Amino acid sequence: MHTRDLSDHSPYVPGRGDEEVARELGIDPAELITLSSNENPHGASPDAVEAIRESAESISVYPKSSHADLIAGLAEEWDLAEEQVWLSAGADGSIDYLSRAMLEPDDRILIPDPGFAYYGMSARYHHGEVATYDLDPADDFEQTAESILDAYAGERMIYVTSPHNPSGSVMDLSEVRLLADATAEETLVVVDEAYGEFAETPSAVELFEERDDVAVLRTFSKAYGLAGLRVGYALVPEDWADAYARVNTPFAASELACRAALAALVDDEHVERSIESARWGREYVREHVDAPTVESAGNFVLIEVGDAEAVTEALQHEGIIVRDCTSFGLPEHVRVTTGTREETRAAVEAINDVL
Ligand code: PMP
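Computed from a predicted model, the values in this text were never measured in an experiment.

Caption draft 1: Inspection of helix α5 (residues 118–125) at higher detail. Counting buried positions over the eight residues of α5 gives six, a clear majority of the element. Along α5, the residues that are buried comprise Tyr118, Tyr119, Gly120, Met121, Ser122 and Ala123. The secondary structure elements touched by the buried residues of α5 are α4 (90–102), β3 (108–113), β4 (129–134), β5 (157–161) and β6 (188–192). Downstream of α5 by a residue or two, histidine 127 has a phi angle that is positive, lying close to 65°.

Caption draft 2: Geometry of the layout of surface pockets. A volume near 1,700 Å³ is recorded for the largest pocket. Together, 50 residues line the largest pocket, and Tyr12, Val13, Gly15, Arg323 and Arg335 are the ones closest to its centre. Elements supplying a minimum of two residues to the lining of the largest pocket: α1 (18–25), α4, β3, α5, β4, α11 (308–317) and β10 (320–324). Considering each element in turn, the lining of the largest pocket owes the most residues, five residues, to α5. In the lining of the largest pocket, the residues fall into 20 nonpolar, 18 polar and 12 charged. Of the volumes computed, that of the second largest pocket is approximately 300 Å³.

Caption draft 3: Highlighting the confidence of the model for the protein. The pLDDT averaged across the protein works out to 96; a share of 100% of its residues lies at or above 70. On the interface metric, ipTM, the complex scores 0.99, and its pTM is 0.97.

Caption draft 4: Looking closely at the side chain of serine 169. Mapped onto the fold, serine 169 is located in the loop between β5 and α7 (173–182). Here phenylalanine 141 takes part through its backbone oxygen, which lies 2.9 Å from a polar atom of the side chain of serine 169. What serine 169 contacts, discounting residues up to four positions off in sequence, is Asp140, Phe141, Gln143, Thr161, Ser162, Pro163, His164 and Glu295.

What counts, and where the lines are drawn
Residues numbered from 1 in each chain as written. Predicted model: local features only at pLDDT ≥ 70, side-chain atom pairs only at ≥ 80, totals over all residues. Heavy atoms only, no water. Buried < 20%, exposed > 50% of the residue type's maximum accessible area, 1.4 Å probe, protein only. Helix = DSSP H or I, 4+ residues; strand = E, 2+ residues; numbered from the N terminus. Contact = heavy atoms within 4.5 Å. 1 Å grid on protein atoms, 1.4 Å probe; cavity = no way out; pocket = protein on both sides within 12 Å on 5 of 7 lines; lining within 4 Å. Points joined across faces, edges and corners; volume = space filled by probe spheres on them. Nonpolar A, V, L, I, M, F, W, Y, C, P; charged D, E, K, R; others polar. pLDDT = per-residue confidence, 0-100. Polar contact = N/O pair within 3.5 Å; in protein donor to acceptor, adjacent residues only side chain to side chain.

Here it is in structure tokens:
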């Protein structure tokens, strides 16, 4: 018995947990400052935690009503029909749903380089092919329709990440519109807004009124602080009414996840605080770090440090974990998530020390 030939597939390697890193460094995990995964330093909404406590008894049954309730809540939030909300296990799950719904064998997708790796992994799992468009560090990873169209060759889907991971750059809606206008009717432009809450620019959902070739990805992992629960969703064109039931994993989000996400969705205070904190943090880093940075609309900042691997390792010895961007093809950059004010200040001080 053997698997299909997976030699072309890059393995997914999760980041190491705090406990493992702390054990290796011989320090208490509570002393680590982890700024490598764009998680929320303020944790989850207390209402979400309370919702989990209250629903702990109900985990023996499938999340029939909670799944439907969360979809209804999100449809109301975005002023869309319920069929347009595709709930999934993280935004990652929605990327898979889009691959399933869109890709015939050998269909191609176009994704940013550098960029979020799962777009390409998911397409390959679904027998698709992957092409890339370049975002140029020398232009601060500027995202324009023109630069994407230079690489476009009729792909079935184009992924745009706005704010972009790992740079934090955004693509203006006018550019998304130009891109969608210039591509074939059968090309879907997917705007991944995993970090959308932190940006000051409007969501691409605004384009839904005028067109049906744009989809949006959102997640509860970042501004809502629920990364461990795995809840995300896609917002899709109106005329895809029955497609979700044909591609979804049954009850992709668990009972606890759905109840917590619904509670988090209406806890404006917590989400506002998280957004404020990220905006303060990214400005603080850019102002105080002694190295070139990119303007970021996310909860992280990309910093050009020279030797990313050496800097990441030196910081690790100070108990500060940042993301070495070598795996993004950026061996001179690290990406630093905004922490609490105290954590962000400590990280900047440590970075300046090791530079
Ligand atoms: N898109 C981007 C750009 C991301 O950075 C991430 C996670 N870091 C995701 C999607 C997936 O997020 P999740 O599955 O946790 O919702």
